[in-house]
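# Topology and contacts: notes
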Amino acid sequence: MSRHLGRMVKIVEVNDDGKLSVTLDEKHWVVHASCVEQAFVASEAAATSGNKEGDIVRVTSDVRELKRLQKGHGGFNQKMRDILDRKLKVLNVNSRGDLKVKHEGQSWLLNAEAVKPADMADSSDDSDDDSPAGGMKGLMAAAMMAALLQ
């Protein structure tokens, strides 16, 4: 393995435990993420997803689609069925364009292609929000309270 130091690899998958599946010279390797330096954003589609921290997104309702899209983006876990068709708040967007979301105390890394912007007509969301204001619901309550006080 030491003869490959400093060489370019293709990241095939990011595993749930933080290890990377990579290919080099038609061989497959699993390495810890700290062993690889990122040289560029892997996907133009991910880089231009348009999602940003604080956005409310709706996860696809199709489990087969989610499984397919999660390959190379943190993988699929059976517990992810709980977030199907849920509206969640984007906590973070990594350099690959993958989204970190949270539901019922569990954080998930999602392929940006597995979500779409949530319908703004229904401003409630299903996400956990640790902020003092309680996220969108708290902002709406604060706005209503301010209107009543005027």
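Please refer to the structure placed before this passage.
Let me sum up the structure you'll find in this document. (Residues numbered from 1 in each chain as written. Predicted model: local features only at pLDDT ≥ 70, side-chain atom pairs only at ≥ 80, totals over all residues. Heavy atoms only, no water.)

## Examining the pattern of salt bridges
- Within this structure, the stated rule accounts for three salt bridges.
- With a closest N to O distance of 3.2 Å, Asp55 and Lys52 form a salt bridge.
- What makes Asp55 buried here is its relative accessible area of 18%.
- Linking Arg58 and Asp85 is a salt bridge whose minimum nitrogen-to-oxygen distance equals 3.7 Å. Of this pair, Arg58 sits in strand E4 (residues 56-59) while Asp85 sits in the loop between helix H2 (63-70) and strand E5 (87-93), and the two are 27 residues apart along the sequence. (Salt bridge = Lys/Arg side-chain N within 4 Å of Asp/Glu carboxyl O. Buried < 20%, exposed > 50% of the residue type's maximum accessible area, 1.4 Å probe, protein only. Helix = DSSP H or I, 4+ residues; strand = E, 2+ residues; numbered from the N terminus.)

## Brief notes about the nonpolar core
- The biggest cluster of nonpolar side chains holds 17 residues, and the ones touching the most others in it are Val59, Leu66, Met80, Ile83, Leu110 and Val115.
- At the level of elements, E4, H2, E5, strand E6 (99-103) and strand E7 (106-110) are the ones that each hand at least two residues to this core.
- A total of three residues in this core trace back to one element, the largest contributor, which is H2.
- For Val59, the residues in contact, after removing those within four places along its chain, are Ile83, Leu84, Asp85, Arg86, Leu88, Leu110, Ala114 and Val115. (Core = buried A, V, L, I, M, F, W, Y, C linked by side-chain atoms within 4.5 Å. Contact = heavy atoms within 4.5 Å.)

## Focus: the sheet that holds E4
- What the five strands build is an open sheet, ordered E7-E6-E5-E4-E8; its pairing is antiparallel. Each end of this open sheet is capped by a strand with a single partner; those strands are E7 and strand E8 (115-117). Going from strand to strand, the sheet's axes swing by 45° on average, the running direction of each strand aside.
- Across three bridges, the pairing between E4 and E8 is antiparallel. When the bridges of E8 are listed, Val57 appears paired with Pro117. (Pairing = 2+ DSSP bridges. Axes fitted to C-alpha atoms, helices over the stretch in contact; angles between N-to-C directions.)

Functional significance is not addressed by these values, which are geometric in nature.
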